[in-house]
Amino acid sequence: MTIKTIDRSLAAITKQVATKLSQVKTLEDIYAVRSEFTGKTSVLTQLLQSLKDVPTEDRPTIGAKVNQAKKEIESIIERALSLMMNRESLLKDEVRDIDVSAPFHTNNSKIPDFTGIGSMHPLQYEINRMLDIFTTMGFTPFEGRELETDYYVFDSLNMPKEHPARQNWDTFRTEDNLIPTPHTSNMQVRVMRHLKAAPLRAVIYGRCSRNEAVDAVHGHTFYQIEGLYIDKGVSISNMIGTISAFVNAFFDKNVTSKIQPGYFPFVEPGIEYLGQCPFCDGKGCSSCKHTGWLELVGAGMIHPNVLREGGFDPAVYSGFAWGLGLDRMVMQRNGIQDIRSLFASDIRFLQSSL
Amino acid sequence: MKYSLNQVKKYVPEISSIPVEELIARIWASIAEVENVEYLSKKYEGVIVARVEKIEKHPRSEKLVVATVDIGKKTPVTVVTAAHNLDAGDFVPYIPVGGRVLDVHANTSKQIEITVRVMAGIDSIGMLASEKELELSEDHEGIMILRQNELKHELVAGEPIVDALDLDDVIFEIENKSLTHRGDCLSIAGISREIATLYSFDLVLPVWQTPSVNIADMVGDAFQKEPSAIVTVEVAAKPAVERYSTIVLDNVQVTPSPLWLRIYLGKHGFNSVNNIVDITNYVMIEYGQPMHAFDASTVIHKTRNEKITYPLIVRYAQAGETILTLDGKEKKLPQMATVIADEKKALAIAGIIGGQESAISETSTRIILESAVFNKYAIRNTSMSIGTTTDASVIFSRKQDPEKTVRALLRAVHLLTELAGAKVVSDITDIYSKTKITNTLIVSHEKVEAFLGIAVSPTKIVQILEGLGCQVVKKNNLYRMETPTWRPDIAIDEDVYEEIARMVGYGNIIPELPKRGIFGVSLSPYEKGKQATLRAFTALGINQGMNFSFVSKQLYERCLLSMNDARSVINAISPDVQYMRKHLIPGLLEQFSKNQYNSEKFGLFELGKVSRKGLHYTGISVEDLHMPESRFGIDDLGLPIEDEHVAIGIIDDSQQPGYFTLKEVITRYAESMHILLEFIHPDELTAKEVKQLPTWATELFPLYKKGRMAVVRNAGTKDFYGVIGEPGTLVLKEFGFTKQVAIAELSLYKIISTASFEPLYKEPPKFPIVTEDLCFEVPLDVQYAAILKVLTEVSDNFVQDVVIRIYPIDIYQKKEDKKQVTNRVVFAPIKASLSDSQIKKYREQFITGMLTLKGKLV
């Protein structure tokens, strides 16, 4: 045997394997091919055995070639096997081995039941609590859209194209130029246009997202809720009164508050409403970063441009809006350290309150 | 920005009467959140000024010296030190025994306590400190020497160091982010105006801040009557430049700054560089005007008739232009960037950072001083684009008053003549196309009070507005005002209301609920349906989970689902958020796989929105498009539809196929919504029915075992709800499932819109009920649904006499081709008790009916 002839016969064998594999129908067929070409009595094994007839100096080269061919063939067969297994499992998957219209399987009428009480997601629980408070206060609830246009996210909120505050909302953007909304205020003008008449009292809640990397305290997805109030002669005093009523209801106690100026382009003026930390009564704890105060609510008198977009004449009507993030509330209330646990559905976490 | 209270006191002397804590609380309540307050006098408590009387060699150590220092007491003390820079007569900082000092070897803010130390046999009492040990600079070369001429203060041994070094101060810090719209507050002068207005105190402005000031006022005769130099400025980047003022100074000596200036800078968080750079920073801190000094020798210039001309060009960057800046980085300039250039090269990036080549060095003698105002958008965009934020860029990107530039220039010139021996050799070149930057506003007293909701006196209103710099004329009930040049943010009536409200203090506005009538609000039918869904699933023992609205392509691939029509996110920070989800199942399935060993069995459900490309409002039949908030959509053609789905899954390790376990959950959920479901294999749908399935549903088919899936629909109306099944073997393998898993996704909107929440109560029949278990043997391929249909149709015949309920008890297969199906039939007679013969009659009709399925009673 020479190097030339060995090349030729190896190529022939590889081709033969391929041909045979192309005709197989079952796993059994492939097993047969495998034993034929790589088994103890196979041509390849014989070839290896016949190395002794080869001149000594050619032995290493030819031995290597045969071994390499063997490896190749084995891997082709492996691949065919895995394909066939998948195909077989697909075929098995196709078998209609249950009666989908039946209440249970043949010879087994026992349906496992989930005897425990199921749980509501902590964020959902918080949303529901908020909705309870808001509806009791006479606010009509609206869930916000998630995918939104530039107009409702920015323009309608007094942030035209070049407005620098647009950059404060680090937004995602989709290929068709929509924005997964970074705040629930995208609904302000929608709700105004929908309800049309004053007094307008609405509460908007929903999922928002910002283009941020995820870690224990930052998420790209979060929930917000905001209230909207428009009528003739609505004042800053009314705004503070309403927010206080809401905050007291939410924490189920009279929360001592203070107010500082805040800046949001869609309100004028804007304020931040701080409450004495309800978790430590202002003594300082991890929830309030030991300051004794928590930023509870961002608020403001609705900017005349926003009122105008919503179809309300700012010369006649005024109003206020206030909003807050739910995730932090949920985390603080439950002592949750890692924001990611809200989106992991660890069953031990979800059932931990039961 | 950090503000020194001592500096504020220069502008508002009366503020000394206000306790610091109260002042900080007022700033917080009326201007912006105070992030940090540092009481320097506490920090330097106990440290005093000492005078060195005598320096002697240490008898036993060459490294040490023995200093005898006067600390203002009867007898001097002995301090042993390793520093050799002391001479008799020097004033030095002295920390007595018991005081604390920064541990300079610790590389942290760790402090050590001073004790009496025996150093090579001599008691060292207290310690003489370096600048670094006092946290005044990084200098640790020897003991800090206090020089009379570097301080505006007469030194006395024994006095507290805080008095000598103006460290009897409070530094308060406001985050720049809180002043986004208040560029005027980014200076001592600006914040002082606010504070003065808050308390109705007088604002004392230094003479150089008055509009009429000129060079002679500021520098006396330190300028040439016949200027020997001139800067010409060509502004090519017009939109980026609001004003450009510049002047040339000669004879400049670049030296370290005097101690008082270094301390001033340190308090405000700046490092000292040299006297020239420090002076520009000093003016910026005080007046909010960023400045830049170029070494004039590096700028291309021409000399004619002994007059030197420096032509500066303010232009946009050229394509591919780069500049080596002061931070040592070579920056590629975007073409929107504005540069200050000479005829050959860029010298600085306008308003952001200077270039290395034209920077002031120790050998600089002639400088070109720039005081300009650049457009805030231009600076912000360039700053973001090149990723460089400096104190100047922060100030410029918050809109500055162009009226300031020349005044600031003169202030700097004055300091340069004093501290660097500079001589003015040019006139001021001032490029300023003045436009009206003030606003005229008229607000009524009535509106102010209505907007605030409280009474405010007219005197108070005028005092506030004038305090802030407005020119106010009050006539009848109207305030007519001209806003100051530094407050372009006061542009509409509401801005005026805000100024009054915050200066009055929100805390002084008495909260009052709006007056309103009595009215009721309830959730919308859709919201009610959602709440009912939540109640039903939780009552069934299922737990609500949540996934993000974003998915990765990989997740869909692992589920064998196509990404067709998935809306991609173009600026995703990670592949996990690259697409908007089209289905809830992929996320929920992954959560099941990660959780499968955390409990032996459990169920999860999720309510969430999904969307897909191509499915949006077209102006027709919004209702048909599964649109929960169709109430907003009608006027929004082209807006994508956000359908709300509910996905439900279970995992357990019993023998019952997961399909049936989940089917039971869903059936019971639907019952709670008064919906009767049917589950039908897709193969049994007509071609037309298949065609009508929504894309999202047929897209899910490849996920499932084809033999163990079904379409879920309304048993009566055939309304389509969703898909249920067990994941296929490949998917199970991909996720590593080892238990029974089944998962379903339904259109929540469809369910809610066909559900009913009104309970319909019926009085139960008064006669005894009779129960019969009927077991029929049928061919194997007869489906349970067919049997139930026959039995129900039969029982419908007796509906006048008896209410019949049928439910399955058992399905038993022993023979290869036959199965035995047992149903329990509960008869509730309406008119009279049932007799045996009647029951027999009913039974026989059931038997007859079942013949159509080749069934026979066993």
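Bear in mind the structure is a predicted one, so any value in this text is a computation, not a measurement.

## Description of the confidence of the model for chain B
- Residues at a pLDDT of 70 or more form 97% of chain B, whose mean pLDDT is 91.
- Residue range residues 618–635 of chain B is modelled with pLDDT below 50. Its contacts to residues more than four positions away, or to other chains, number 47 contacts.

## What about the sheet that holds strand β3 (residues 48–57) of chain B?
Residue and element names in this part refer to chain B.
- Strand order across the open sheet formed by 5 strands is β5-β4-β3-β6-β11, with antiparallel pairing between neighbours. The open sheet has two edge strands, β5 (77–81) and β11 (127–128), and neither has a second partner.
- Pairing geometry for β3 and strand β6 (residues 91–95), over 4 bridges, is antiparallel. In the sheet register, isoleucine 48 faces β6, and the bridge partner there is tyrosine 94.

## Observations concerning the packing of aromatic side chains
Residue and element names in this part refer to chain A.
- Applying the stated criterion to the full structure yields 33 aromatic pairs over all chains.
- For the ring pair phenylalanine 134 and phenylalanine 246, a centre distance of 4.8 Å and an interplane angle of 35° mean the geometry is tilted. Placement of phenylalanine 134 in helix α5 (residues 122–136) and of phenylalanine 246 in helix α8 (residues 236–251) is noted, with a sequence separation of 112 residues between them.
- Taking relative accessible area as the criterion, phenylalanine 246 reaches 1% and is therefore assigned buried.
- Between the aromatic rings of phenylalanine 246 and phenylalanine 250, the centroid separation amounts to 6.1 Å while the plane-to-plane angle is 20°, which identifies the pairing as stacked. You can see phenylalanine 246 and its partner phenylalanine 250 sitting in helix α8, 4 residues apart, about one turn around the helix. Across the pair, exposure class does not vary: phenylalanine 246 and phenylalanine 250 are buried alike.

## Regarding the sheet that holds strand β35 (residues 704–714) of chain B
Residue and element names in this part refer to chain B.
- Across the sheet, 7 strands lie side by side as β29-β32-β33-β37-β36-β35-β34; this open sheet has mixed pairing. Bordering the open sheet on either side are β29 (543–544) and β34 (677–680), each of which pairs with just one other strand.
- Set on the sheet, helix α17 (residues 585–595) makes contact with β32 (602–610), β33 (643–652), β35, β36 (720–727) and β37 (740–747); between it and β32 the angle comes to about 155°.
- Packing against the sheet, helix α19 (residues 658–672) makes contact with β33, β34, β35, β36 and β37, and its axis sits at approximately 35° to β37.

## Regarding the pattern of salt bridges
Residue and element names in this part refer to chain B.
- This structure, assessed with the given rule, holds 70 salt bridges over all chains.
- The salt bridge partner of glutamate 150 is arginine 262, with a shortest N-O separation of 3.5 Å. With glutamate 150 in the loop between β11 and α4 (161–164) and arginine 262 in helix α7 (residues 259–267), this residue pair connects regions lying 112 residues apart in the sequence.
- Here glutamate 150 falls in the buried class, since its relative accessible area comes to 16%.
- For lysine 856, the salt bridge goes to glutamate 777, with nearest N and O atoms at 3.5 Å. Highlighted residues: lysine 856 in strand β41 (residues 856–857) and glutamate 777 in strand β38 (residues 770–779), separated in sequence by 79 residues.
- On the basis of relative accessibility, which here comes to 51%, the residue lysine 856 falls in the exposed class.
- Here the salt bridges share partners, and the residues they tie into one network are Arg182, Asp184, Glu194, Arg487, Asp489, Glu499 and Arg502.

Conventions used here
Residues numbered from 1 in each chain as written. Chains lettered and ligands numbered in written order. Predicted model: local features only at pLDDT ≥ 70, side-chain atom pairs only at ≥ 80, totals over all residues. Heavy atoms only, no water. pLDDT = per-residue confidence, 0-100. Contact = heavy atoms within 4.5 Å. Pairing = 2+ DSSP bridges. Helix = DSSP H or I, 4+ residues; strand = E, 2+ residues; numbered from the N terminus. Phe/Tyr/Trp six-rings, centres within 6.5 Å; stacked < 30°, edge-to-face > 60°. Buried < 20%, exposed > 50% of the residue type's maximum accessible area, 1.4 Å probe, protein only. Axes fitted to C-alpha atoms, helices over the stretch in contact; angles between N-to-C directions. Salt bridge = Lys/Arg side-chain N within 4 Å of Asp/Glu carboxyl O.

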